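Each chain, written out:
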Amino acid sequence: MKFHFIFTIIIVLLLTSCGPTANQTSVDLETNDVPRLRSLEPVKVKEEILLGTLANWAMLNYGNLDGESYDVVVVGSEPEGISAAIAAAREGQKTLLIDKKPIIGGLYTLGMLNMIDINWSPTHETVNKGLFLEFYEKINNRTSFDVKQAKRVFENMLADEKKITVQLGAQSFLPIMNQNHVDTLLYKDSNGTVKKIIGKQYIDSTPDADFAQLAGANFTIGQEDFRNEARMMAVTLVFELSGVDWAKVQNYLNNDDEVYTGADQFSAWGYGKEMAQYKPSQENVRIRALNIGRQDSGHVLINAFQILGVNGLNPGELQTAWGVANEELPKITEFLRENLVGFKNVELVGTADEFYVRETRHLDAEYKLTVDDVLENRDFDDRIAFGSYPIDMQATVIDEGDLIIGKPDMYAVPFRSIVPKGFDNLLVAGRSTGYEALAHGSTRTVPVGMTVGQAAGIASAYANKKNISFQSFIGESGLRHMKSIQSILNQNGANLYPIPTYDNSIMNHWAYDGVKFLRSFGLIAAGYDNEYRMNETITKAEFIDLVRRVNQYSEAPFTTAFPFSKDDEVLGKDDLTEFLNANSTAPNSLTAATVDHLQNQPAVDRALAYMVIKDFLENR
């Protein structure tokens, strides 16, 4: 789905107030200044912008600027972008790292998300190596890092690379396209001057893939790819407290008999029972069990406060969320002071400068990583990174819970997932790259993103050296170029290798097709232990709810009849037979395995129910 016009109009509004210089005319990039657009209705204006009128006009007025040339241009200074820029520079590429933000580090610095979501292998090694591991070692292998230290580490890593130019505080961007090729980047710097960048390769590492979106790449929004609605996971505002007694926190969480709580020297996680007692004063607000990261100052950062129902692409909704947070956080602090061991003397010091936004766009890439790819531990010949984090789907609205869809052992991210469909010199290496929404629940962690960023930087350098396009990589039989890129990545510490075969017993279950069908809609959550409870019974209410939600998410063009009430009685074989009859579904329309189990099983379990639902809905 295209959302070009929304952000192009933002660009039009932002590229204003440009004072004349020796190399430019005194013309502002506004819609009313484009003669063709002045005469059109607003809807037609949007269509004209999509057709490139603004870009053509911009080049007419600014195309004669003396542009600076770069081998690789990285847009966005998130950790992923820093990784991409460093990787390209170390391959000898003249590299520009450009961002609208005032400081580098993004989510780790401005967002103050300081507890690292390490992706562990079954042998308890991090699967993300290379530049991520280099960064991790420079912050002293801490489970939670000091934000100021992380900023210094990023700055020093960039400063060590003489091929990198860093440009922060840009006010706006406008890619100038030739078909699906980025020719030029026009941007407005912090002083309001429009400048031109001529790049050979471009990497979008902005959180929302704004640059790729402006370039014409397609995306799905939020979770519309599986639930047919653009809901997004909750946003979090990290907040800072002073006065925490860390010794008491460690002693309490390490001895409270809870399975998923604990604390070490730098991090603590727990207090779920206590926080469940907090009653928010506003709608669409909640606070979960606390993730707590220590700072060198002795203060702590808390990742737990969520605001639900926020569209992370809508500045107005984010601004409203700030007001909600400012009103709620003092009350949360008072609750912590009165109810949590080790928090008796806490004070609210401040908050992060930006929200931790978990989800917005999902790139329409040459290959879109799926939930089955993740949970089946799938490998790819064009692997550029690994992941192993659980598929952690935070709630989108207040009346639904968080879901752990499952926990992979280890899966690969293919190069094709960072190539916007059809583009030849643009990659997306960040949160919004080519992962389906459910797969994104695992891939969204920064360690995976930094590994992908490194691969994007090296792939860009390789494309320049060989004078070939990214489309050549993915269309080549034998993957000679990809193998060369993987070799360079391994020389730089990525440690890419074929994934071992891991035991995944659910894949051998007779009803696995039913699991995959319902899991693709986010309706089965196996948790951290991948327990699908296939042999357990299912209630009539659960069965009805599953069928109705699949119908809703898939916009089924038919009505389903239920010959029994929605209650907590266990679903029986007679109920299934009545259900099929009520919907004029003959037994021979079900798969042979489903018919066999329906006839011969003594009772209905989840496995049978899942397969009946799948067969019934797929054959309607």
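Refer to the structure above for everything that follows.
These remarks concern the structure in this document. Owing to the predicted nature of the structure, the values given are computational and were not obtained by experimental measurement.

### A short note on the overall build of the protein
Point 1. The helix and strand inventory of the protein stands at 22 helices and 20 strands.
Point 2. Taken over the C-alpha trace, the protein has a radius of gyration of 26 Å; the compact-globule value for 620 residues is 25 Å, and the two agree within 12%.
Point 3. By principal-axis analysis of the C-alpha atoms, the protein measures approximately 85 × 60 × 50 Å.
Point 4. Relative to its full complement of 620 residues, the protein shows a buried share of 58%.
Point 5. Taking all contacts inside the protein whose residues are at least 6 apart in sequence as the whole, residues at least 24 apart take part in 71%.
Point 6. Summing over all exposed atoms, the protein offers an accessible surface of approximately 24900 Å²; the carbon and sulfur share of this is 47%.
Point 7. Across the protein, the centroid of the 57 positively charged side chains sits 4 Å from that of the 81 negatively charged ones.

### Some points on the environment of Val310
Point 1. Within the secondary structure layout, Val310 lies in the loop between β13 (300–307) and α12 (315–339).
Point 2. Accessibility expressed as a relative area gives 9% for Val310, which makes it buried.
Point 3. Distance from Val310 to Arg231, taken between C-alpha atoms, is 8.4 Å for residues 79 residues apart in sequence.

### Focus: the packing of aromatic side chains
Point 1. Overall, the coordinates contain 23 aromatic pairs when judged by the stated rule.
Point 2. Arranged with centres 6.0 Å apart and planes meeting at 20 degrees, the rings of Tyr108 and Phe135 form a pair that is stacked. Here Tyr108 is found in the loop between β2 (95–98) and α6 (130–138), whereas its partner Phe135 is found in helix α6, with 27 residues between them in sequence.
Point 3. On the basis of relative accessibility, which here comes to 0%, the residue Phe135 falls in the buried class.
Point 4. Consider the rings of Phe135 and Phe145, whose centres lie 6.2 Å apart with planes at 80 degrees: the pair is edge-to-face. With Phe135 in helix α6 and Phe145 in the loop between α6 and α7 (147–159), the pair connects residues that are 10 residues apart, well separated along the chain. Across the pair, Phe145 and Phe135 agree in class, each one buried.

### Section: α6
Point 1. Listing the buried residues of α6 in full gives Gly130, Leu131, Phe132, Phe135 and Tyr136.
Point 2. Where α6 is buried, its residues contact α5 (79–90), α7 and α15 (446–466).
Point 3. Immediately downstream of α6, the backbone of Asn140 shows phi near 70 degrees, a positive value.

### Considerations on the packing of α6 against α15
Point 1. Where α6 contacts α15, the axes come no closer than 7 Å and their chain directions differ by 125 degrees. One element, α6, and the other, α15, form an angle in the oblique class. For the pair α6 and α15, contact is made by Gly130, Leu131, Phe132 and Phe135 and by Pro447, Met450, Thr451 and Gln454, respectively.
Point 2. Considering only residue class, the contact of α6 with α15 consists of 5 nonpolar, 3 polar and no charged.

### Describing the packing of helix α20 (residues 573–582) against helix α21 (residues 592–600)
Point 1. Look at α20 against α21: their axes get within 10 Å of each other, and the N-to-C directions meet at 135 degrees. Put simply, α20 runs oblique to α21. Where α20 crosses over α21, the two elements pack in a sense that is left-handed. Residues Lys573, Leu576 and Leu580 of α20 form the contact with α21, whose own contacting residues are Leu598, Gln599 and Asn600.
Point 2. Classifying every residue of the contact of α20 with α21 by side-chain character gives 3 nonpolar, 2 polar and 1 charged.

### Quick word on the pattern of salt bridges
Point 1. Applying the stated criterion to the full structure yields 36 salt bridges.
Point 2. Between Lys101 and Glu78 there is a salt bridge, and its shortest N-O distance comes to 2.5 Å. Remark: Glu78 occurs in the loop between β1 (68–75) and α5 and Lys101 occurs in the loop between β2 and α6; sequence separation between them is 23 residues. Exposure class is identical for Lys101 and Glu78. Each is buried.
Point 3. The salt bridge involving Lys101 is made with Glu354; its shortest N-O contact spans 3.2 Å. Highlighted residues: Lys101 in the loop between β2 and α6 and Glu354 in the loop between β14 (347–351) and β15 (361–363), separated in sequence by 253 residues.
Point 4. Of the residues examined, Lys101 reaches a relative accessible area of 17% and is grouped as buried.
Point 5. One salt-bridge network, held together by shared partners, links Arg227, Glu229, Arg231 and Glu400.

Quick notes on the rules
Residues numbered from 1 in each chain as written. Predicted model: local features only at pLDDT ≥ 70, side-chain atom pairs only at ≥ 80, totals over all residues. Heavy atoms only, no water. Helix = DSSP H or I, 4+ residues; strand = E, 2+ residues; numbered from the N terminus. Rg over C-alpha atoms; globule rule 2.2 N^0.38 Å. Buried < 20%, exposed > 50% of the residue type's maximum accessible area, 1.4 Å probe, protein only. Contact = heavy atoms within 4.5 Å. Areas by Shrake-Rupley, 256 points an atom, 1.4 Å probe, with all protein chains shown as cover. Lys, Arg positive; Asp, Glu negative; His and termini not counted. Charge placed at Lys NZ, Arg CZ, Asp CG, Glu CD. Phe/Tyr/Trp six-rings, centres within 6.5 Å; stacked < 30°, edge-to-face > 60°. Axes fitted to C-alpha atoms, helices over the stretch in contact; angles between N-to-C directions. Parallel < 35°, antiparallel > 145°, perpendicular 65-115°, else oblique. Nonpolar A, V, L, I, M, F, W, Y, C, P; charged D, E, K, R; others polar. Left-handed = near helix turned anticlockwise from the far one by under 90°. Salt bridge = Lys/Arg side-chain N within 4 Å of Asp/Glu carboxyl O.

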